[in-house]
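What the coordinates show
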Amino acid sequence: MEQPNLEMMRHSASHIMAAAVLKLFPDAKLAIGPAIDTGFYYDFDLPRPLTTEDLSKISDLMKESIKARQSFERSEVSRAEAMEIFKDQPYKLELIADLPEDETISIYRQGDFVDLCRGPHIAHTGYIKANAFALLNVAGAYWRGDEKRPMLQRIYGTLWNNKEELDAYLKQLEELERRDHRRLGRELDLFSLHEEAGAGLVYWHPKGARVRTIIEDFWRKQHYDGGYDILYTPHIGRSWLWETSGHLVNYRENMYSPMDIDGQDYYIKPMNCPFHILIYKTQTRSYRDLPLRWAELGTVYRYERSGVLHGLMRVRGFTQDDAHIFCTPEQIEDEILGVLRFSLNMLRAFGFEQINPYLATRPPKAIGEPAQWDQATESLRKALQGERLAYEVDEGGGAFYGPKIDLKIKDSLGREWQLTTIQFDFNEPERFDMTYVGTDGKEHRPYMVHRALLGSLERFMGVLIEHYAGAFPLWLAPVQAKVIPIADRHQEYARQVMAALRAADLRVELDESSERMNAKIRTAQLAKIPYMLVIGDREVAANAVSVRLRTEQDLGDIPVEAFIARAQGLVESHSPEL
RNA sequence: GCCGACGUAGCUCAAUCGGCAGAGCAGCGGUUUUGUAAACCGCAGGUUGUGGGUUCAAUUCCCCCCGUCGGCUCCA
């Protein structure tokens, strides 16, 4: 028997749960029940939908099994024996049928429950602590993830080494809810969605729009400084454009129905690339013109199935921080390295330190010359190595039109988010017959690379909100300071202070309400405003402000000029400090 | 799209068995002029997501649709 570890316990727990479900529903058909990184699940085909009462019954039965210390017994059976044992379990039969001929078929038994399973399992059910697991919810899941196959009921459970770890996990779930960008978006008055006006479409309120503007301004400056030019292109294009690009063939299910303009079909854009290519083709391009690096904050619309929409993270209209690089084969390595460095700097500027790259290579069905693929993939690999980044390879995970690097960041709660993608495209240059004139005076096909760094501004904002729990670093905060006069007689000086700070390019608001100072502080605190500048008789006399941070730290009286210098310095350096 | 749960005031939530839809916060008006996380009094706020059905009577029971949430699948 192997040493019991968390994964084994979780996997075993899924068996214990399946046994409990069978007791409750003798006709239940079992699918699969693996361990996952927070616990386990098991998929069932049941005669009726599960209720929360069912969950607690199942949980009680599991606890009985744990108390009984039922042992897990492994045995190996022939294919015929396995078919006989699971003759009433169609999903198991399918699994058996799909096992390779030479595979040993093992079953595990605890009590009177038998399951097809590779194992390993814990020695007996008593290894699991009855107070260290919880059944969380029921969800629908397709058999084998295929939407054409039956929809099963999946029960999710979480399991840990002990009660303390379970409690810590449940507490983390609460923290996730507290930080949920949809909740913070409303509480901080950043954005809204309007079902009556269409699902998955974002409305930016003044404060959210302010944050977005700051991000965009920074982004533009970085791009100009980094050797990019910036484009603006239309939001719709005639069917010719999408036929030529191949989107109507390859991407149609994500595109909206056409609109009729003077008898012609126009489509709202799901991508920006064809427009950039048209600009490329307005001139004969020479190798001397390359590389061209063209960026655009391009707003695109893509159809997403109603069930997948989620706040800012998954929407139907969004703005990509897109760019296309057109270059020669000789330039490709330098360009890729440049893009990668540029991406890392951008992500780090927003406070993301943990960045994990994934390299996706040629899939079985792909277009383009193998030699091109090799060169492109090699340039991606070299760039990653050049930056000394540990990366994972997703063999065959590239798009049919080119290999790519995706960068996923880890947020303050340890969750991974894909933001950056750097993709080669061997398809569109071909389709649009893009060329440049080389040193030999002949026409050549340029390399084309798509890249988005922040991904989309909508999702990026969602990630930022959750990463910072709504408490944006000073340089991004929509309101950086709230001036809080204690009594009406301090209002005039408070207005002077506000004017001075605004003249210094700080974002300041004045609380002129007739609330007590305590209430004003509370309001500012809940709005997660970095600085609360309290003004009373003392401050008026000293030409100062009393500075309270949203961290609850009280800095005491500081001369107005000194406060301005402090804040400006921290904004300038994108500091996380206040 | 599919499975399940849900939809009551701007927000968070009540309303017994089908019997006059209610509270806190926010908002508005007034009083209060305050030293580091909530002053006091009052007012207003609703076609109970939409449409239909059952009933003397529907927030409550049934059906369609829309949307939200948790998943499946897919992706920026």
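Conventions we followed
Position numbers for residues count from 1 along each chain, tracking the sequence in the order it is written. As they are written, the chains are lettered A onward and the ligands numbered 1 onward, keeping that order. Under the rules for a predicted model, residues below a pLDDT of 70 receive no local features and side-chain atom pairs below 80 are neither given nor counted, while totals for whole chains, interfaces and linings still include all residues. Calculation of side-chain values draws on the structure's entire complement of heavy atoms; hydrogens and water are dropped beforehand. Starting at the N terminus, helices and strands are each numbered in turn, a helix being any DSSP run of H or I of at least four residues and a strand any DSSP run of E of at least two. Here the term buried applies to any residue with accessible area under 20% of the maximum for its type, exposed to any over 50%, and partly exposed to those in between, with areas from a 1.4 Å probe on protein chains only. Every residue pair with non-hydrogen atoms within 4.5 Å of one another is taken to be in contact. Per-residue and other accessible areas follow the Shrake-Rupley method at a 1.4 Å probe size, with only the shown protein chains counted as cover for residues. Here Asp and Glu are counted as negative and Lys and Arg as positive; His is not counted, and neither are the chain ends. Throughout, a charge is located at the NZ atom of Lys, the CZ atom of Arg, the CG atom of Asp or the CD atom of Glu. What counts as a domain boundary in this text is fixed by an automatic or database domain assignment. Here's the idea: put two parts together, see how much 1.4 Å probe accessible area each one loses, and the total over both is what we call buried area. Here, strands pair whenever DSSP counts at least two bridges between them. Geometry is summarised by axes, namely lines fitted to C-alpha atoms with helices restricted to the contacting stretch, and by angles between N-to-C directions that run from 0 to 180 degrees. The patch calculation keeps residues exceeding 30% relative accessible area without a salt bridge and links them within 9 Å when they carry like charges or within 5 Å when they are nonpolar (Val, Leu, Ile, Met, Phe, Trp, Tyr). Take a side-chain nitrogen of Lys or Arg and a carboxyl oxygen of Asp or Glu: if they are within 4 Å of each other, that pair is a salt bridge. Only heavy atoms are used to decide nearness, and a residue is near a molecule or strand if one of them lies within 4 Å of it. Between N or O atoms, a polar contact is any pair within 3.5 Å; within protein, one atom must be a potential hydrogen donor and the other a potential acceptor, and residues adjacent in sequence are included only when both atoms are from side chains. Under the scheme applied here, ten amino acids are nonpolar (Ala, Val, Leu, Ile, Met, Phe, Trp, Tyr, Cys and Pro), four are charged (Asp, Glu, Lys and Arg), and all others, including Gly, are polar. As a per-residue measure, pLDDT reflects the predictor's confidence and takes values from 0 up to 100.

A separate point is the overall build of chain A. Within chain A one finds 18 helices and 29 strands. Oriented by its inertia axes, the alpha-carbon framework of chain A measures out at about 85 × 75 × 50 Å. Evaluated residue by residue, chain A yields a buried proportion of 49% over its 578 residues. A fraction of 69% describes how many contacts in chain A between residues 6 or more apart in sequence connect residues 24 or more apart. In the form shown here, chain A has an accessible surface area of approximately 27900 Å², with 48% of it arising from carbon and sulfur atoms. One way to put it: in chain A the 71 positive side-chain charges average out to a point 2 Å from where the 87 negative ones average out.

This part covers the domain arrangement of chain A. Under the domain assignment, chain A is made up of domain 1 (6-179), domain 2 (195-233 + 272-466) and domain 3 (481-572). Between the C-alpha centres of domain 1 and domain 2 there is a distance of 41 Å. Tallying the contact residues gives five residues for domain 1 and five residues for domain 2. The contact between domain 1 and domain 2 buries some 480 Å² in all, and 45% of this surface belongs to carbon and sulfur atoms.

What follows deals with the sheet that holds strand β14 (residues 264-268). The antiparallel open sheet is built from three strands, whose spatial order is β12-β14-β13. Each of the sheet's edge strands pairs with one partner strand only, and the pair in question is β12 (236-238) and β13 (259-261). Taking each pair of neighbouring strands and ignoring which way they run, the sheet shows an average axis angle of 40°. Strand direction decides the pairing type here: β12 and β14, joined by three bridges, are antiparallel.

On to a negative patch on the surface, then. Taken together, E243, D260, D262 and D265 make up a surface patch of like negative charges. As for its placement among the helices and strands, D262 is situated in the loop between β13 and β14.

A few words now on the sheet that holds strand β25 (residues 481-485). If you trace the five strands from one edge of the open sheet to the other, you get β26-β25-β27-β28-β29, paired in mixed fashion. In this open sheet, the two strands that pair with only one neighbour each are β26 (508-510) and β29 (554-559). Strand-to-strand twist across the sheet, computed as the mean angle between neighbouring axes with direction ignored, equals 25°. As paired strands, strand β28 (residues 544-549) and β29 are joined by five bridges and run antiparallel to one another. The partner of V547 across the bridge, within β29, is G556.

Attention shifts here to the protein's contact with RNA strand B. In the neighbourhood of RNA strand B, 53 residues make up the surrounding shell, with Y142, R314, R522, E539 and S546 lying closest. For RNA strand B, the backbone makes up 48% of the atoms found within 4 Å of the protein, where backbone means sugar plus phosphate. Here a sugar or linking oxygen of RNA strand B and a side-chain polar atom of Y156 are 3.2 Å apart. Contacts to RNA strand B include D488, whose side-chain N or O atom sits 2.9 Å from a base oxygen. For the surface near RNA strand B, the secondary-structure elements that each account for two or more residues are β7 (133-142), β8 (151-159), α6 (181-187), β24 (447-456), α16 (517-526), α17 (537-542) and β28. Across the surface near RNA strand B, the residue classes tally to 19 nonpolar, 14 polar and 20 charged.

Turning to the environment of F460, a few remarks are in order. By secondary structure assignment, the location of F460 is in helix α14 (residues 457-467). With relative accessibility at 0%, the residue F460 sits in the buried group. Setting aside residues no more than four positions away along its own chain, F460 makes contact with I215, F350, F352, L419 and L454.

Right, let's talk about the pairing of strand β16 (residues 292-301) for a bit. Counting buried positions over the ten residues of β16 gives seven, a clear majority of the element. In the sheet, strand β11 (residues 229-230) pairs with β16 via two bridges, with the strands oriented parallel. Considered in β16, the bridge of D229 is made with W294. Pairing geometry for β16 and strand β17 (residues 317-327), over ten bridges, is antiparallel. When the bridges of β17 are listed, W294 appears paired with H324.

A word on the confidence of the model for chain A. Confidence along chain A averages 93 in pLDDT terms, with 99% of residues attaining 70 or more. The ipTM assigned to the predicted complex is 0.90, against a pTM of 0.91.

As a further point, take unusual backbone geometry. Cis rather than trans, the peptide bond between L290 and P291 has omega equal to 0°. Along the chain, P291 turns up in the loop between β15 (285-286) and β16. Its identity as a non-glycine residue notwithstanding, D433 has a phi of 50°, on the positive side. Checked against the element boundaries, D433 lands in the loop between α13 (428-431) and β22 (436-437). A residue is classified by how much of its surface remains accessible, and D433, at 46% relative accessible area, is partly exposed. The phi angle at H574 is positive, at roughly 55°, despite the residue not being glycine. Tracing the sequence through the fold places H574 in the segment after α18 (560-572).

This part is about the side chain of Q110. Tracing the backbone shows Q110 in strand β5 (residues 105-110). Polar contacts involving the side chain of Q110 include one to the main-chain carbonyl oxygen of H15, which spans 3.4 Å.

Bringing the environment of L290 into the picture now. Among the secondary structure elements, L290 is positioned in the loop between β15 and β16. L290 gets classed as buried once you look at its relative accessible area, which sits at 6%. Each C-alpha atom, one on L290 and one on C327, is 5.2 Å from the other, the two residues being 37 residues apart in sequence. Beyond its immediate chain neighbours, meaning those up to four positions away, L290 contacts Y280, F326, C327, T328, Q331 and Y436.

Here we come to a nonpolar patch on the surface. Where nonpolar side chains cluster on the molecular surface, the patch consists of I236, M259 and I261 and spans about 200 Å² of accessible area. Relative accessible area serves as the criterion here: at 31%, I236 is assigned to the partly exposed category.

It is worth spelling out the side chain of K92 at this point. By the element assignment, K92 lies in helix α4 (residues 90-98). In terms of polar contacts, K92 uses its side chain to reach the backbone carbonyl oxygen of A31, at 2.7 Å. The residues contacting K92, other than those within four sequence positions of it, are L30, A31, Y42, F86, D115 and L116.

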